[in-house]
Amino acid sequence: VDHKALLLASSDIDRNANIMPFTSWFVSANPGGWIFSVYIFTKHHSHGLVEQIGQFTVNVPADGMDDIVKYCGSKSGRDHDKFKELGLSKIASKYVAPPIIGECDVAIECETRRTYPFTMTFPGQEKSDMEMTVFEAEILAVYGHGEAIR
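Read on for an overview of the structure. What you see is a predicted model, and the numbers here were worked out from it, not measured in a lab.

1. As for unusual backbone geometry
Peptide bonds are mostly trans, and most non-glycine residues show a negative phi.
Step number 1: One non-glycine residue, Arg15, lies in the positive phi region at around 65°.
Step number 2: Turning to its location among the elements, Arg15 is positioned in the loop between strand 1 (6-11) and strand 2 (17-22).

Below, the structure is given as structure tokens:
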């Protein structure tokens, strides 16, 4: 399995969007459908956005987007409009407020159903630097190359 970073798009209530790369996630099935779970550090700008509206999109970068992923991980959405700075396309989602990243191969629309705290601990690390929230979200739609899969 290729464990490259995925891109999470989030937005505030005014639809100001942000992009964050992430590698800590899993998918599970339950009687109500498929659940996408993502771990987001509480100090990250995206955490507040997802917490505020309870929605996000997961975007699988196309080949050749490594520099875009690195840039998104090196700049804060508090200070940068990553869509604008990188020339990325905001595609309106069908079910959630945050956009789909048009240049990505696959997009997943998600709505949070449950959250819970998670803290990693490492010797010498401040606990506050390692606090996260796990967002368990129902998968509402999946698109591949712009076509609905689910």
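The rest of the description comes next.
2. Section: the nonpolar core
Step number 1: Judged by nonpolar contacts, the single largest core of 16 residues is most densely connected at Leu8, Phe22, Phe36, Val38, Phe56, Val58 and Cys110.
Step number 2: Looking at this core, the elements that each hand over two or more residues are strand 1, strand 2, strand 4 (33-41), strand 5 (55-60), strand 8 (106-119) and strand 9 (131-144).
Step number 3: Residue contributions to this core peak at four residues, all from strand 9.
Step number 4: Residues within four places of Val38 in sequence aside, it is in contact with Leu8, Phe22, Ser24, Trp25, Phe56, Thr133, Val134 and Phe135.
Step number 5: By size, the runner-up hydrophobic cluster in this structure holds 13 residues, among which are Ala5, Ile19, Cys72 and Leu88.

3. A closer look at helix 2 (residues 66-74)
Step number 1: Buried within helix 2 we find Ile68, Val69 and Cys72. Along the axis of helix 2, the buried positions cluster into a sector of 100°, meaning they face one direction only. Seen from the open side of helix 2, the exposed residues pointing more than 90 degrees away from its buried face are Asp67, Lys70 and Ser74.
Step number 2: Contacts from the buried residues of helix 2 go to strand 1, strand 2 and helix 3 (82-86).

4. Digging into the pairing of strand 8
A regular strand carries its side chains on alternate faces of the sheet.
Step number 1: Here strand 5 runs beside strand 8; their pairing, made up of six bridges, is antiparallel. Paired with Val58 across the strands is Ile108, a residue of strand 8.
Step number 2: Summarising the sheet, strand 8 and strand 9 pair through 13 bridges and their orientation is antiparallel. Among the inter-strand pairings, Thr115 is bridged to a residue of strand 9, identified as Phe135.

5. Some words on the pairing of strand 2
Step number 1: In terms of residue burial, strand 2 counts as a mostly covered element, since five of its six residues are buried.
Step number 2: Bridge count between strand 1 and strand 2: six bridges; the pairing is antiparallel. Bridging from a neighbouring strand, Leu6 pairs with Phe22 of strand 2.
Step number 3: Connecting the antiparallel pair strand 1 and strand 2 is a turn made up of five residues, with Arg15 showing a positive phi of about 65°.

Parameters at a glance
- All residue numbers here refer to positions counted from 1 along the written sequence of the relevant chain.
- The predicted nature of this model means local features are confined to residues of pLDDT at least 70 and side-chain atom pairs, given and counted, to a pLDDT of 80 or more, with totals for whole chains, interfaces and linings taken over all residues.
- Hydrogens and water are ignored here; the side-chain numbers use all heavy atoms of the structure.
- Working definition: helices are DSSP H or I runs of at least four residues, strands are E runs of at least two. Numbering for both runs from the N terminus.
- Nonpolar core, defined: a set of buried Ala, Val, Leu, Ile, Met, Phe, Trp, Tyr and Cys residues in which side-chain atoms within 4.5 Å join the residues together.
- Each residue is assigned to one of three classes by its accessible area relative to the maximum for its type, calculated with a 1.4 Å probe on protein chains only: buried under 20%, partly exposed between the two thresholds, exposed over 50%.
- Residue contacts follow a heavy-atom distance rule, with two residues in contact if any of their heavy atoms lie within 4.5 Å.
- Note: the arc covers the axis-to-C-beta directions of the helix.
- Strands qualify as paired when DSSP identifies two bridges or more between them.

As far as function goes, none of this settles anything; it's purely spatial.
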